[in-house]
Amino acid sequence: MDGFVWKRMIRRPWLSLLGLLISALLCVLLCTLSGYLDGEKTRLSDVRNSYDILCVVSDIRGTKTDGLGMSHIYSDFLLDKENGIGAFVRDARLTKVFSYRLDGGAGQMIGVSGETSAEVLDSRLGGEFETDEEGFFLSEEYLCLMPQNLYPQYAGQTVTVEVTDTAGASPLNPNGGTGKAEFRVAGWYRGTGTEIYIPYPASQRLGFLLAGLSTTDSAAFLLADNSRLDELSAAAQPMLMPVNPGEAAPKGLYALTIHDEQYHATLTAMEQNIRRLQYLLPLIALLSLGAGFLVGVLATRGEARTYALMRTVGLTRGKLFCTVLLQQMLLPVLASGAAAVILRQPLPAAGFLLCLAVGCALAIGRSVRIAPSAILRSQE
Amino acid sequence: MEILRAENLSFSYVNKYQTVNAVKHVSCGFEPGKTYAIVGRSGSGKTTLLSLLAGLEQPTEGDVFFEGKSTREMDCDAYRRDHAAVIYQSYNLFPLLTSEENVLYPMKLKKIPRKEALERAHTRLTAVGITQEEWGRFPSQLSGGQQQRVAIARALAAGNRIILADEPTGNLDISSGEQVMELLMELAHKEGCAVIVITHDLEIASQMDEIYTVRDGELITE
């Protein structure tokens, strides 16, 4: 490198410092925005992939989501990956409700497909339970979870419970049925209610035993893959229609409500933010080009005589161009390098430098085109 | 033996209104160890002739031969760097470099080792009467005469054998002008350079070994 470059820089420091200041500001701005944009894209991807979109089955008018008494055809449709919409389902929450009598006490016996099917069992909502049966919720055995206050009395026992499939609750099972069944007390849940929880498969077996068919009283699930949201509506259509409040004959018809409003609102806001940033980045790049041009113009202003003189003593036009460009780009390169390392954004920093260099080169190229004879003509 | 020769040299340029034939069919030769004056009135084409001899412009017609080789076939930047040095009326030193650095600059371009370049620079600066104290001064801190002497030292230090000076005393007082002319004479007579001085001062021209007069772009030998 021409040692005189340093000397000229040091002896004309305001220009070098101006270049340094402008380039540091713009480079940091570009790198920061670029980093923020990357972060937003990652967050958008996270939201797309992991946002929980709740889908709930209701009656066709959308007025109730429990006590539906749906035929097993519907629950099969929900869970079947090939002939139903099972491929779209994550964390299915199915329940079946019976009433029971036990030792003079009464309450509801609820078949649940998982801990998220009931608030008192869901640890994310503050619920808690304990069972000695691994795979409790998948079992077809007559197992039950007692409330914490009743559990000490029945712990480890097999109890005979009188169970009634709620009469009249289901259009498929208007009369219901009552019978006795023996349940092993397999655990407890925190709470002092009267509900007893049993595995959903066991509830289906019990329903069939009592009323000759299996029904489901509520069904909900989370969408397995949010990118297939649009496909779900179409795939559910034959069995589960969109909610229709004006439906004249609602019995036996069910609707699927997809709670995706918040999801879409979040995505839209993030996408808008990203779009704004994406418009902003080229603007900053353009600004960098302009800044480079400005620095180049300031650097070469009034230097025509010096450049002509340099050419006269034998410096080629190309070397003159490189010398002047190097003189203007040296500090910005150092500043951008530091910004790239500190902000971990090498690509935007390189892009910034390129824009700055192009702007600077345009201004310098104009100035170094001077013919060396101009110096003689000017004094003549 | 001529070191530099102009052969049927013509140069014209187009300005906004007309084509100007600045130099017309000029032929002349320059030998090492001799001084030459090119005289003429303002606008007669003598500075254009100097530009052509220095390789700053390419002639429209004819050729400039350096040691028998046409400058058309040479890299003119290299020709100026290695063989022909130009001294200007208004000194034209690099304002951000000290006297010493100004003299070092052409040697840097010639890739002369720094130690040798420094020795040469100091010798030349001393020879033209620039004191050690003044080596570190910027052009703005020197008088006109001192600046012109630094410019001469710069032209000499690189070891170029052709010195082309355009009105070198034009901005100097009489005493400084005389010193500069003495230096240029010494260059030719002691160091064997071909010194070509453009001037309109006939008294200066009369001190030269040969005088070429330019009138309306044409050369008249006297």
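Residues numbered from 1 in each chain as written. Chains lettered and ligands numbered in written order. Predicted model: local features only at pLDDT ≥ 70, side-chain atom pairs only at ≥ 80, totals over all residues. Heavy atoms only, no water.

Student: Please clarify how the overall build of chain B should be interpreted in this entry.
Tutor: Secondary structure assignment for chain B yields eight helices and 10 strands. Computed over its C-alpha atoms, the radius of gyration of chain B comes to 17 Å, within 12% of the 17 Å expected for a compact globule of 222 residues. C-alpha atoms of chain B, sized along the principal axes, occupy 50 × 40 × 35 Å. By residue count, 56% of the 222 residues in chain B fall in the buried class. Pairs at least 24 residues apart make up 70% of the contacts formed inside chain B by residues separated by at least 6 positions. When the accessible surface of chain B is totalled, it reaches about 9,700 Å², and 46% of it is carbon and sulfur. (Helix = DSSP H or I, 4+ residues; strand = E, 2+ residues; numbered from the N terminus. Rg over C-alpha atoms; globule rule 2.2 N^0.38 Å. Buried < 20%, exposed > 50% of the residue type's maximum accessible area, 1.4 Å probe, protein only. Contact = heavy atoms within 4.5 Å. Areas by Shrake-Rupley, 256 points an atom, 1.4 Å probe, with all protein chains shown as cover.)

Student: What should I look at first to understand the overall build of chain A in this one?
Tutor: Assigned secondary structure in chain A consists of 11 helices and 13 strands. Against the 2.2 N^0.38 benchmark of 21 Å for 380 residues, chain A shows a C-alpha radius of gyration of 37 Å, more extended than a compact globule. Considered along the principal axes of its C-alpha atoms, chain A spans approximately 120 × 50 × 30 Å. For chain A, the residues scored as buried account for 47% of the 380 residues in total. The long-range fraction of contacts in chain A, counting pairs at least 24 apart against all pairs at least 6 apart in sequence, stands at 76%. Total accessible area computed for chain A in this model is approximately 18,300 Å², and 58% of it derives from carbon and sulfur atoms.

Student: Where do I start with the side chain of Lys46(B) in this structure?
Tutor: Residue and element names in this part refer to chain B. Considering the arrangement of structural elements, one finds Lys 46 in helix H1 (residues 46-53). Among the polar contacts listed, one links the side chain of Lys 46 to the backbone oxygen of Gly 40, at a separation of 3.2 Å. With near-sequence residues (within four places) excluded, Lys 46 lies in contact with Ile 38, Val 39, Gly 40, Arg 41, Glu 167, Ile 198, Thr 199 and Val 214. (Polar contact = N/O pair within 3.5 Å; in protein donor to acceptor, adjacent residues only side chain to side chain.)

Student: Any chance you could explain the domain arrangement of chain A here in plain terms?
Tutor: How big an interface is tends to be stated in terms of the accessible area lost upon association of its parts. When cut into domains, chain A gives domain 1 (2-44 + 269-378) and domain 2 (54-258). Using C-alpha coordinates to define each centre, domain 1 of chain A is positioned 68 Å away from domain 2 of chain A. (Domains from an automatic or database assignment.)

Student: Hey, could you run me through the sheet that holds strand S5 (residues 69-70) of chain B in this one?
Tutor: What holds strands together in a sheet is hydrogen bonding between their backbones, with the strands either parallel or antiparallel. Residue and element names in this part refer to chain B. Across the sheet, four strands lie side by side as S2-S1-S4-S5; this open sheet has antiparallel pairing. The sheet is open, and its two borders are formed by strand S2 (19-30) and S5, each paired with just one other strand. Where strand S1 (residues 4-14) and strand S4 (residues 61-66) come together, five bridges link them in antiparallel fashion. Its bridge partner being in S4, Glu 7 is matched across the sheet by Asp 63. (Pairing = 2+ DSSP bridges.)

Student: Help me understand the pattern of salt bridges, please; the structure alone is not making it clear to me.
Tutor: A pair can form between side chains of opposite charge whenever their charged atoms are brought close. Summed over the entire model, instances satisfying the criterion amount to 22 salt bridges over all chains. The residue Asp91(A) makes a salt bridge to Arg93(A) at a minimum N-O spacing of 3.0 Å. Using a relative accessible area of 27% as the deciding quantity, one classes Asp91(A) as partly exposed. With a shortest N-O distance of 3.0 Å, Arg137(B) and Glu133(B) are connected by a salt bridge. Under the relative-accessibility criterion, Arg137(B) is labelled partly exposed at 26%. For Glu133(B), a relative accessible area of 60% translates into the label exposed. Each of Lys96(A), Asp165(A) and Asp217(A) takes part in salt bridges that share partners, so that together they form one network. (Salt bridge = Lys/Arg side-chain N within 4 Å of Asp/Glu carboxyl O.)

Student: Where do I start with the side chain of Thr199(B) in this structure?
Tutor: Residue and element names in this part refer to chain B. Inspection of the secondary structure assignment puts Thr 199 in strand S8 (residues 194-199). Assessed through its relative accessible area of 2%, Thr 199 is described here as buried. Polar side-chain contacts of Thr 199 include one of 2.9 Å to the backbone nitrogen of Asp 201. When neighbours within four sequence positions are excluded, Thr 199 is seen to be in contact with Ile 38, Val 39, Gly 40, Lys 46, Glu 167, Ile 204 and Ala 205.

Student: Which parts of the structure should I look at to understand the interface of chain A and chain B?
Tutor: With 26 residues of chain A in contact, the opposing surface of chain B contributes 30 residues. When the two sides are added together, the surface that chain A and chain B hide from each other amounts to roughly 2,700 Å², 58% of it contributed by carbon and sulfur. Our count for the chain A to chain B interface comes out at one salt bridge. Put simply, Asp77(B) and Arg311(A) hold a salt bridge, and the shortest N to O gap is 2.8 Å. Linking chain A with chain B are five residue pairs in polar contact (both at pLDDT 80 or more), by the criterion used here. Contributing elements (two or more residues each) for the side of chain A that touches chain B: helix H1 (3-11), helix H8 (304-312), helix H9 (317-343) and helix H11 (374-379) of chain A. Per-class residue counts for the side of chain A that touches chain B are eight nonpolar, seven polar and 11 charged. (Buried area = accessible area lost by both parts, 1.4 Å probe. Nonpolar A, V, L, I, M, F, W, Y, C, P; charged D, E, K, R; others polar.)

Student: Is there a simple way to explain helix H5 (residues 200-211) of chain A in this structure?
Tutor: Every α-helical turn comprises 3.6 residues, leaving residues that sit three or four positions apart pointing alike. Residue and element names in this part refer to chain A. When the terminal C-alpha atoms of H5 are compared, their 16 Å separation across 12 residues agrees well with the 16 Å that a helix rising 1.5 Å per residue should span. All buried positions along H5 are accounted for by Tyr 200, Ala 202, Ser 203, Gln 204, Leu 206, Gly 207 and Leu 210. A positive backbone phi angle near 80° is found at Gly 212, which sits one or two residues after H5. (Expected span 1.5 Å × (residues − 1).)

Student: Can you help me understand the nonpolar core in this one?
Tutor: Side chains of nonpolar character tend, in soluble globular proteins, to be buried together. Ile85(A), Leu240(A), Leu4(B), Ile163(B) and Leu184(B) are the most contacted members of the largest nonpolar core, which has 139 residues in total. Shared between two domains, this core holds at least three residues of each, these being domain 1 (2-44 + 269-378) and domain 2 (54-258) of chain A. If we ignore the near neighbours within four places in the chain, the residues touching Ile163(B) are Ala85(B), Ile87(B), Ala155(B), Leu156(B), Leu184(B), Leu187(B), Cys193(B), Ala194(B), Val195(B) and Ile196(B). Grouped together as the second largest cluster of nonpolar side chains are 19 residues, Phe98(A), Cys144(A), Tyr154(A) and Leu206(A) included. (Core = buried A, V, L, I, M, F, W, Y, C linked by side-chain atoms within 4.5 Å.)

Student: What is the right way to look at the environment of Ser139(A) in this model?
Tutor: Residue and element names in this part refer to chain A. Residue placement: Ser 139 occurs in the loop between strand S5 (129-131) and strand S6 (143-147). Counting along the chain gives 64 residues from Ser 139 to Ser 203, while the straight-line C-alpha distance between them is 9.7 Å. Other than its neighbours up to four places away in sequence, Ser 139 contacts Pro 199, Pro 201 and Ala 202. One polar contact links the side chain of Ser 139 to the main-chain amide nitrogen of Glu 141, over a distance of 3.0 Å.

Student: Which parts of the structure should I look at to understand the packing of H8(A) against H9(A)?
Tutor: When two helices pack together, their arrangement is given by the angle between the helix axes and the distance between those axes. Residue and element names in this part refer to chain A. Where H8 meets H9, the closest approach of the two axes is 10 Å, and the angle between their N-to-C directions is 135°. What the angle tells us is that H8 and H9 run oblique. Where H8 crosses over H9, the handedness of that crossing is right-handed. Each of Tyr 307, Met 310 and Arg 311 in H8 lies in contact with H9, whose residues at this interface are Arg 317, Leu 320, Thr 323 and Val 324. A breakdown of the residues in the contact of H8 with H9 according to their chemical character gives four nonpolar, one polar and two charged. (Axes fitted to C-alpha atoms, helices over the stretch in contact; angles between N-to-C directions. Parallel < 35°, antiparallel > 145°, perpendicular 65-115°, else oblique. Left-handed = near helix turned anticlockwise from the far one by under 90°.)

Student: Just to check I follow, could you spell out a nonpolar patch on the surface for this structure?
Tutor: Residues and elements named next belong to chain A. On the surface, a cluster of nonpolar side chains totalling about 380 Å² of accessible area is made up of Val 28, Val 341, Ile 342 and Leu 343. With three residues, the top contributor of residues to the nonpolar patch is H9. Topologically, Val 341 is positioned in helix H9. (Patch = residues over 30% accessible without salt bridge, like charges linked within 9 Å, V, L, I, M, F, W, Y side chains within 5 Å.)

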